[in-house]
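Residue-level listing of the chains:
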Amino acid sequence: MVSLVRLSPVELETSKGLVIFEGPVTDSYLDSLSMNKGLTNFRPPDRQKEALKIITNLPDGMIFIARHENEIIGYVTFHHPDDFSRWSKHPRVLEMGGIEVSPEWRGCRVAENLLKLAYSHPAVENFIVITTEYCWHWDTRNTGLDIWAYQKMLTRLFGKVGLEKVTTDDPDILEHPANVLMARKGKNVSREDIMLFEQMRFLRRYRKVANME
């Protein structure tokens, strides 16, 4: 497990009150805070809080939060890809597993500032950070956006911190044309690791290169 430097908190005054962005946070710190009731995109708030606590104790796991007073109103997670994922075979891939902002705080630039803080952490420069965006997780109901407008919004938002759309033959991405794989190559990632990532984007070719068949 990496010893992670906690960044200095960043404050943002909004029309709904002061928002503080901070991280990476510990499980004990998360215990001291409550979850906004609108954070239900992945699971109920209390269960999601437990999931966040687990991530803080994973190797290279990081949680960054946005809070108003003692309530978490948004978060973004980083962890190694799941074992069943092709990306778990790469030693320098870190996944941005999820980002969520409570619907009542949208329009306050919470997501943008949360990402800005997270990607300023020096640890992200040691990895190729990926995010696999699946349209069935998108909150089109509360935003009023269709899946294509939502995809455009996400790719523009993530592009602000250096993530770029990349092609792949990953069947989960190919399951729907709106799904997106995005990646950001850290400054400290070797050329060899970048080349391996490029090969792994297309698994059939990679299996032959890595003698996985």
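Below is a short write-up of the structure. (Residues numbered from 1 in each chain as written. Predicted model: local features only at pLDDT ≥ 70, side-chain atom pairs only at ≥ 80, totals over all residues. Heavy atoms only, no water.)

So, the packing of aromatic side chains
Throughout the structure, instances matching the rule amount to five aromatic pairs. On the numbers, 5.2 Å between centres and 35 degrees between planes, the contact of Trp87 with Phe197 is tilted. On the criterion of sequence distance, the pair formed by Trp87 in the loop between β5 (71-79) and β6 (93-101) and Phe197 in helix α7 (residues 191-200) is long-range, its members being 110 residues apart. In this pair, the class of Trp87 matches that of Phe197, namely buried. Between Tyr134 and Trp136 the ring centres are 5.2 Å apart and the planes differ by 5 degrees, which places this aromatic pair in the stacked class. Since its relative accessible area comes to 45%, Trp136 is described here as partly exposed. When the ring centre of Tyr29 is taken as origin, the NZ or CZ atom of Arg6, which lies over that ring, is 4.4 Å away. In this structure, Arg86 packs its charged tip against the face of Trp87, placed 5.8 Å from the ring centre. (Phe/Tyr/Trp six-rings, centres within 6.5 Å; stacked < 30°, edge-to-face > 60°. Helix = DSSP H or I, 4+ residues; strand = E, 2+ residues; numbered from the N terminus. Buried < 20%, exposed > 50% of the residue type's maximum accessible area, 1.4 Å probe, protein only. Lys NZ or Arg CZ within 6 Å of the ring centre and 35° of its normal.)

Brief notes about the pairing of β5
Taking burial as the measure, the nine residues of β5 include eight buried ones, the bulk of the element. In terms of strand pairing, strand β3 (residues 34-35) meets β5 through two bridges, oriented parallel. Each bridged residue has a counterpart across the sheet, and for Met35 the counterpart in β5 is Ile72. By the bridge criterion, seven bridges tie strand β4 (residues 62-68) to β5 in an arrangement that is antiparallel. Directly across from Phe64, in β5, lies its bridge partner Val76. The hairpin formed by β4 and β5 contains two residues between the paired strands, and Glu69 there has a positive phi angle of roughly 55 degrees. Two elements, β5 and β6, share six bridges in a ladder whose sense is antiparallel. Along β6, the bridge assignment pairs Gly74 with Val101. (Pairing = 2+ DSSP bridges.)

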